[in-house]
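# Chain and residue survey
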Amino acid sequence: WNETADEEPSSLSHDARHQVETTLAVQDALGQISPILRSVLVLREMHGLSYEEIALVLEIPIGTVRSRLNEARSKFRNLWQEET
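Now for a quick tour of the structure.

## Here's the deal with the packing of helix α2 (residues 35-46) against helix α4 (residues 62-83)
- Running from N to C, α2 and α4 cross one another at 95°; their axes reach a closest spacing of 8 Å. Here α2 is positioned roughly perpendicular relative to α4, judged by the angle of their axes. Here I36, L37, V40, L41, R44 and E45 of α2 lie close against α4, whose contacting residues are V65, R68, L69, E71, A72, R73, K75 and F76.
- Looking at side-chain class alone, the contact of α2 with α4 contains 8 nonpolar, no polar and 6 charged residues.

In structure tokens form, the structure reads like this:
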């Protein structure tokens, strides 16, 4: 029992550390994207809003949502690859 108890905290701390590192890397990458692009990306990917909902919230056409989301994803992907 003690061996299992000793192993689990180590595993949990490694998982927790990895999660914190990933969260910080995501925040860093998002921080490097312009606020206009970041807002569309966050609303879609983190809050799960539809294109129509994003268009309403930001008061922009759906076509603009699509183009900004495409550009934001591309920039994030490039930044993420630099981080890892």
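## Structural notes on the packing of helix α3 (residues 51-58) against α4
- Two elements in contact, α3 and α4, have axes whose closest approach is 9 Å; the angle formed by their N-to-C orientations is 100°. Taken together, the axes of α3 and α4 are roughly perpendicular relative to one another. Note on element contacts: α4 touches α3 through I62, V65, R66, L69 and R73, opposite Y51, E52, I54 and A55.
- Tallied by class, the residues present in the contact of α3 with α4 amount to 6 nonpolar, no polar and 3 charged.

Cut-offs used in this document
Residues numbered from 1 in each chain as written. Predicted model: local features only at pLDDT ≥ 70, side-chain atom pairs only at ≥ 80, totals over all residues. Heavy atoms only, no water. Axes fitted to C-alpha atoms, helices over the stretch in contact; angles between N-to-C directions. Helix = DSSP H or I, 4+ residues; strand = E, 2+ residues; numbered from the N terminus. Parallel < 35°, antiparallel > 145°, perpendicular 65-115°, else oblique. Contact = heavy atoms within 4.5 Å. Nonpolar A, V, L, I, M, F, W, Y, C, P; charged D, E, K, R; others polar.

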